[in-house]
Amino acid sequence: MLSTTLTKLRTVAASAAVSVVALTASQVHAAEDFIFAHAMNTDHVFHSLSGRFMEGIEGSGVSVDYHPGGDLGDWTSLFEQSMQGVVPMTLTWGASEFDPRLDLAYLGYVVSNWKEARELYGPGSPMLDVYNSILENLDLHAVGIIPTDFGSVVIRKGVGAVPVNLPEDGSGLKIRVPGLPVAVERFNNFGFSAVPIPLSEVYTALQLGTVDARSFSTAVETYQLRDVLETNILTNDYFEHAFWLVNKSWWDGLETADREKLRSVIDATIEFAWTEAENKSNEFLQKARDAGINVVELTDKQLQALKDITYQNEWPAMEETLGTEVMTQVREAVGVK
């Protein structure tokens, strides 16, 4: 989703900003009346989180001009508008076209289960500090990380393979990966033949046998593709997450009382998001099982083998993008030397 959208939306950003750029500086920087926007429709978790947030600030004297569904631009446009302070608050993903270090979001095996994820990415967590050390250079601040789910490897119907002892079992299997160098490298290292394919073409590629498997599949996506899949292997190599972003100059310029009101409601909303995301993951994995998909958990030994491959190959390569300082922060947070 991310890689196929980036190049199309820079022009959208400019046109989308026109409708709001006429706001006066006092409007943009006043806590009592600010724009809060995201690009997803009202069925998405972003909308339900936004609703809880706005309910939480009712009666506080803070008024939000809420724009869901991409009213003010797509997710990369909103990222840029938040950098500019035009949209002071947004829910979005890290747009690495503005800083390649935001590709940190795709780094493998930072966490591998929900307990680790909450400890490292939850409110007040070490990874939030790491991301903010990057975002501050864009005049952005992440007030929270929004969890989605772990990525799995799924196998299309008719293949009959259950590649759990990697890299040996991956030999001869073609796997769809996003168009990201880190994804290609990871699954080649895992023994597969990595094939970059846009998300919109994944179903057809699996249906026609262009590839034997797909990576980066969350539980809900596995369930959505259930009629072409036979197996879901819980590799948990990738933890999908988004950001609750604010313009840093705007946020720092708020009255302390206003900022504390917002901070309190945001923290409570994000706590809900973590519980909800894990529940939804388990719910859709069970739906996948009920639909006849074989859901396979790796043994500790099998999982450790994948971690070792990732730490020995992918992490040193990613350090070239992130820089030694950021990578050292990540290693310290995760406890990997």
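Residues numbered from 1 in each chain as written. Predicted model: local features only at pLDDT ≥ 70, side-chain atom pairs only at ≥ 80, totals over all residues. Heavy atoms only, no water.

Draft legend 1. Spotlight on the overall build of the chain. A count of helices and strands for the chain gives 14 helices and 9 strands. In summary, the chain has a C-alpha radius of gyration of 20 Å against a globular reference of 20 Å for 337 residues, a match within 12%. Taken across its 337 residues, the chain has 54% of its residues classed as buried. Sequence-distant contacts, at least 24 apart, represent 75% of the contacts inside the chain between residues at least 6 apart. As displayed, the chain offers around 14100 Å² of accessible surface, 48% of which is attributable to carbon and sulfur atoms. (Helix = DSSP H or I, 4+ residues; strand = E, 2+ residues; numbered from the N terminus. Rg over C-alpha atoms; globule rule 2.2 N^0.38 Å. Buried < 20%, exposed > 50% of the residue type's maximum accessible area, 1.4 Å probe, protein only. Contact = heavy atoms within 4.5 Å. Areas by Shrake-Rupley, 256 points an atom, 1.4 Å probe, with all protein chains shown as cover.)

Draft legend 2. Helix H13 (residues 300-322), seen in detail. Where H13 bends most, at tyrosine 311, the angle is about 35 degrees. Those residues of H13 not exposed but buried are Gln302, Leu303, Leu306, Lys307, Ile309, Thr310, Tyr311, Glu314, Trp315, Met318 and Leu322. Contacts from the buried residues of H13 go to helix H6 (114-121), helix H8 (181-189), strand E8 (229-247) and helix H14 (324-334). With its phi angle positive at about 90 degrees, glycine 323 sits one or two positions after the end of H13. (Bend = angle between axes of the 7 residues up to and from the residue.)

Draft legend 3. Looking closely at the pairing of strand E5 (residues 174-177). Pairing of E5 with strand E6 (residues 193-196) involves 4 bridges; the strand directions are parallel. Looking across to E6, one finds that valine 177 is bridged to proline 196. Note on the crossover from E5 through H8 to E6: the handedness is right-handed. Pairing between E5 and strand E7 (residues 213-217): 2 bridges, direction parallel. The partner of arginine 176 across the bridge, within E7, is arginine 214. (Pairing = 2+ DSSP bridges. Right-handed = clockwise from strand over helix to strand, strands pointing away.)

Draft legend 4. Molecular detail of the pattern of salt bridges. Inspection of the entire model under this criterion finds 12 salt bridges. For the salt bridge of lysine 248 with aspartate 252, the shortest nitrogen-to-oxygen distance reads 2.8 Å. Of this pair, lysine 248 and aspartate 252 both sit in helix H11 (residues 248-253), 4 residues apart, roughly one helical turn. Lysine 248 gets classed as partly exposed once you look at its relative accessible area, which sits at 24%. Notably, a salt bridge pairs lysine 280 with glutamate 283, separated by 3.5 Å at the nearest N-O pair. With lysine 280 and glutamate 283 both in helix H12 (residues 256-290) and 3 residues apart, the pair spans about one turn of that helix. (Salt bridge = Lys/Arg side-chain N within 4 Å of Asp/Glu carboxyl O.)

Draft legend 5. Just the confidence of the model for the chain, in detail. In this model, the chain carries a mean pLDDT of 90, and residues with pLDDT of at least 70 account for 91%. Per-residue pLDDT stays below 50 along residues 1-30; that stretch engages in 45 contacts with residues further than four places along the chain or on separate chains. (pLDDT = per-residue confidence, 0-100.)

Draft legend 6. Broad picture of the packing of helix H7 (residues 126-135) against H14. In contact at an axis separation of 9 Å, H7 and H14 are set at 175 degrees when each is read in the N-to-C sense. In this view, H7 runs roughly antiparallel relative to H14, as classed from their interaxial angle. Every residue of H14 that contacts H7 at Pro126, Met127, Val130, Ser133 and Ile134 is listed here: Val326, Gln329, Val330 and Ala333. Across the contact of H7 with H14, the residue classes tally to 7 nonpolar, 2 polar and no charged. (Axes fitted to C-alpha atoms, helices over the stretch in contact; angles between N-to-C directions. Parallel < 35°, antiparallel > 145°, perpendicular 65-115°, else oblique. Nonpolar A, V, L, I, M, F, W, Y, C, P; charged D, E, K, R; others polar.)

Draft legend 7. The arrangement of the side chain of glutamate 221 in detail. As for its placement among the helices and strands, glutamate 221 is situated in helix H10 (residues 219-224). A polar contact is formed between the side chain of glutamate 221 and the side chain of threonine 218, at a distance of 2.9 Å. Those residues within four positions of glutamate 221 in sequence are excluded, and the remaining contacts are Leu199, Arg214 and Phe216. (Polar contact = N/O pair within 3.5 Å; in protein donor to acceptor, adjacent residues only side chain to side chain.)

Draft legend 8. Here's a closer look at the nonpolar core. Counting residues in hydrophobic clusters, the biggest one holds 97 residues, and the most contacted among them are Phe53, Tyr121, Met127, Tyr131, Trp244 and Leu262. The contacts of tyrosine 131, once residues within four sequence positions are left out, are Leu102, Leu104, Ala105, Tyr121, Ile145, His241 and Phe243. With 16 residues, the next largest nonpolar core counts Val154, Leu206, Leu225 and Val228 among its residues. (Core = buried A, V, L, I, M, F, W, Y, C linked by side-chain atoms within 4.5 Å.)

Draft legend 9. Seen up close, helix H4 (residues 45-56). With 12 residues, H4 ought to run about 16 Å at 1.5 Å a step, and its terminal C-alpha atoms sit 17 Å apart, in line with that. Within H4, burial applies to Phe46, Leu49, Ser50 and Phe53. Down the axis, H4 shows its buried residues gathered within 100 degrees of arc, on one side only. On its buried face, H4 is in contact with strand E1 (33-38), strand E2 (63-67), strand E3 (89-92), strand E4 (140-156), E8 and H12. (Expected span 1.5 Å × (residues − 1). Arc of directions from axis to C-beta.)

Draft legend 10. Examining the packing of H13 against H14 more closely. In contact at an axis separation of 7 Å, H13 and H14 are set at 135 degrees when each is read in the N-to-C sense. It follows from the interaxial angle that H13 and H14 lie oblique. Seen from H13, the contacting residues are Trp315, Pro316, Glu319 and Leu322; seen from H14, they are Thr324, Val326, Met327, Val330, Arg331 and Val334. Residues belonging to the contact of H13 with H14 are distributed by class as follows: 7 nonpolar, 1 polar and 2 charged.

Draft legend 11. Summary view of the environment of proline 178. You can see proline 178 is positioned in the loop between E5 and H8. The class of proline 178 is buried, set by a relative accessible area of 9%. Sequence separation of proline 178 and aspartate 139 is 39 residues, and the distance between their C-alpha atoms is 29 Å. Filtering out sequence-adjacent residues up to four positions away, proline 178 remains in contact with Ala183, Val184, Pro196, Ser215 and Phe216.

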